[in-house]
Amino acid sequence: MRIEPFFAAVLLSACGAAEEPRQAATMDTIERQVRMPKEALALTRYSRFYTAIKSGEVIGTYVGSAHKDLPVGQRRWVSDVYHLPAINDGECFIVNVIFEPKTNRVTQAFCNGAA
């Protein structure tokens, strides 16, 4: 009897269940709108992190591999910018997204710089 996939599904569903409805709606809106940079992978091939900053904008950092305990294809709202992955280069392995809630629009999506 194989139970590992069952536990993986439970853990993944728990990640989504922890989202507050407003945060989940914001992430849904961003992910429907974002146009990934030409050189980037498909959205679902990134671990995706989001947070709101003092100006009200929402910042997204997408990492093209599993990052710590967040599998590729999953997303997480973090408490502040200090909990976003901090990677100084990475080209399109790292994509940064800026969302303006006042206009309900993604204003930027760009790859990190090169090493």
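Above this text is the structure in question.
Residues numbered from 1 in each chain as written. Predicted model: local features only at pLDDT ≥ 70, side-chain atom pairs only at ≥ 80, totals over all residues. Heavy atoms only, no water.

**Overview of the pairing of strand 2 (residues 58–63)**
Inclusion rule: Classification of residues uses two cut-offs on accessible area relative to the type maximum, computed with a 1.4 Å probe and protein chains only: under 20% is buried, over 50% is exposed, and between them is partly exposed. A run of DSSP states H or I qualifies as a helix once it reaches four residues; a run of E qualifies as a strand once it reaches two. Both are numbered from the N-terminal end. A pair of strands counts as paired when DSSP detects no fewer than two bridges linking them.
Within strand 2, six of the six residues are buried, which leaves the element mostly enclosed by the surrounding structure. Every second residue of strand 2 is oriented toward a common face, with Val58, Gly60 and Tyr62 on one face and Ile59, Thr61 and Val63 on the other, all of them buried. Where strand 1 (residues 47–52) lies against strand 2, six bridges are found, and the strand directions are antiparallel. Bridged to Tyr50 within strand 2 is Gly60. Count of turn residues in the strand 1/strand 2 antiparallel hairpin: five residues, of which Gly56 carries a positive phi of about 105°. Pairing of strand 2 with strand 4 (residues 94–100) involves six bridges; the strand directions are antiparallel. Note on strand 4: the bridge partner recorded for Ile59 is Ile98.

**Some points on the nonpolar core**
One broad trend across soluble globular proteins is that nonpolar side chains are buried collectively. The line we're drawing: In this description, a nonpolar core means a group of buried Ala, Val, Leu, Ile, Met, Phe, Trp, Tyr and Cys residues linked to one another through side-chain atoms lying within 4.5 Å. Working rule for contacts: check all heavy atoms of both residues, and any pair within 4.5 Å makes them a contact.
Membership of the largest hydrophobic core comes to 15 residues, with the highest contact counts inside it found for Ile30, Tyr50, Val58, Tyr62, Val95 and Val97. If you list the elements that add at least two residues to this core, you get helix 2 (21–33), strand 2 and strand 4. Val97 has contacts with Ile30, Val34, Val58, Ile59, Gly60, Tyr62, Val106, Gln108 and Ala109, leaving out every residue within four places of it along the chain. Of all hydrophobic cores here, the second largest spans eight residues; its members include Leu70, Val78, Ile94 and Ile98.

**What about the environment of Thr107?**
Structurally, Thr107 is set in strand 5 (residues 105–111). Judged by its relative accessible area of 45%, Thr107 is partly exposed. Sequence separation of Thr107 and Gln33 is 74 residues, and the distance between their C-alpha atoms is 9.9 Å.

**Considering the sheet that holds strand 4**
As a reminder of what qualifies: The angle between two axes is taken between their N-to-C directions and runs from 0 to 180 degrees, where each axis is a line fitted to C-alpha atoms and a helix contributes only its stretch in contact.
Spatial strand order, 3-1-2-4-5: five strands in an open sheet with mixed pairing. Only two strands of the sheet have a single partner each, and these edge strands are strand 3 (75–77) and strand 5. Between one strand axis and the next, the sheet turns by 15° as a mean value, whatever way the strands run. When strand 4 meets strand 5, the two strands line up antiparallel, connected through six bridges. Residue pairing for strand 5: Ile98 is matched across the bridge by Gln108. Strands strand 1, strand 2, strand 3, strand 4 and strand 5 of the sheet are contacted by helix 2, whose axis makes an angle of about 130° with strand 3.

**Some words on the packing of aromatic side chains**
Let me state the cut-off plainly: Note on aromatic pairs: the rings of Phe, Tyr and Trp (six-membered ring only in Trp) are paired at centre separations within 6.5 Å, and the planes decide the class, stacked below 30 degrees, edge-to-face beyond 60, tilted for the rest.
Within this structure, the stated rule accounts for two aromatic pairs. With a centroid separation of 6.2 Å and an interplanar angle of 45°, the aromatic rings of Tyr46 and Tyr62 are classed as tilted. Of this pair, Tyr46 sits in the loop between helix 2 and strand 1 while Tyr62 sits in strand 2, and the two are 16 residues apart along the sequence. With respect to burial, Tyr46 and Tyr62 carry one shared label: buried. Here the aromatic rings of Tyr50 and Tyr62 are separated by 5.8 Å at their centres, their planes lie at 75°, and the arrangement is edge-to-face. Here Tyr50 is found in strand 1, whereas its partner Tyr62 is found in strand 2, with twelve residues between them in sequence. Under the relative-accessibility criterion, Tyr50 is labelled buried at 0%. The exposure class of Tyr62 is buried, given its relative accessible area of 0%. Feature note: the residues Tyr46, Tyr50 and Tyr62 constitute an aromatic cluster, connected by ring pairs.

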